[in-house]
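# Descriptive structure summary
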Amino acid sequence: PSRSPQHVTDLQSDSLAPENLSPGRTLAAARSARGLSIEDVAQRLKFSPRQIEALESDNHAALPGAPIVRGMIRGYAKLLVIKVLDRTLARQPEF
């Protein structure tokens, strides 16, 4: 189902994602708030549960290179109907 723009959550101002929260913790908080399990997200995104867990724990060493991880984060955020700001992704440590 399509969602209208008012349902898009901006990570810059959302209470689920204060400035000091990492991208992974932000995704985990949003997933939990929406009542989704790791398995639900993995199935919808066609990722493994292990990859979702690695994203949520910011364990980037367990994932492919930086460009792919950024795409994974964007896809996950899109599923959760949250807007990932480029500066949020820029806060990630180097891979």
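The paragraphs below set out a description of the structure included in this document. (Residues numbered from 1 in each chain as written. Predicted model: local features only at pLDDT ≥ 70, side-chain atom pairs only at ≥ 80, totals over all residues. Heavy atoms only, no water.)

What follows concerns helix 4 (residues 66-79). In this model helix 4 runs 20 Å from its N-terminal to its C-terminal C-alpha over 14 residues, within 8% of the 20 Å that 1.5 Å per residue would give. Burial in helix 4 covers these residues: Ala-66, Val-69, Met-72, Ile-73, Tyr-76 and Ala-77. Taken end-on, helix 4 shows its buried residues confined to a sector of 130 degrees, consistent with a single buried face. Facing away from the buried side of helix 4 by more than 90 degrees, the exposed set consists of Pro-67 and Lys-78. Backbone geometry just downstream of helix 4 places Val-81 in the positive-phi region, at approximately 60 degrees. (Helix = DSSP H or I, 4+ residues; strand = E, 2+ residues; numbered from the N terminus. Expected span 1.5 Å × (residues − 1). Buried < 20%, exposed > 50% of the residue type's maximum accessible area, 1.4 Å probe, protein only. Arc of directions from axis to C-beta.)

Proximity of charged atoms lets side chains of opposite charge pair with each other. Evaluated as defined, the whole model comprises one salt bridge. Arg-31 serves as the salt-bridge partner of Glu-56, at 2.6 Å between the closest nitrogen and oxygen. Residue Glu-56 is located in helix 3 (residues 49-56), and its partner Arg-31 is located in helix 1 (residues 23-33); the two are separated by 25 residues in the primary sequence. The same class applies to Glu-56 and to Arg-31, which are both buried. (Salt bridge = Lys/Arg side-chain N within 4 Å of Asp/Glu carboxyl O.)

With that settled, the discussion passes to the nonpolar core. Core analysis: the largest hydrophobic core is formed by 18 residues, its most contacted members being Leu-27, Ile-52, Leu-55, Tyr-76 and Leu-80. In terms of residue count, helix 4 provides more of this core than any other element does, five residues in total. Setting aside residues no more than four positions away along its own chain, Leu-80 makes contact with Leu-27, Ala-30, Arg-31, Arg-34 and Leu-36. (Core = buried A, V, L, I, M, F, W, Y, C linked by side-chain atoms within 4.5 Å. Contact = heavy atoms within 4.5 Å.)

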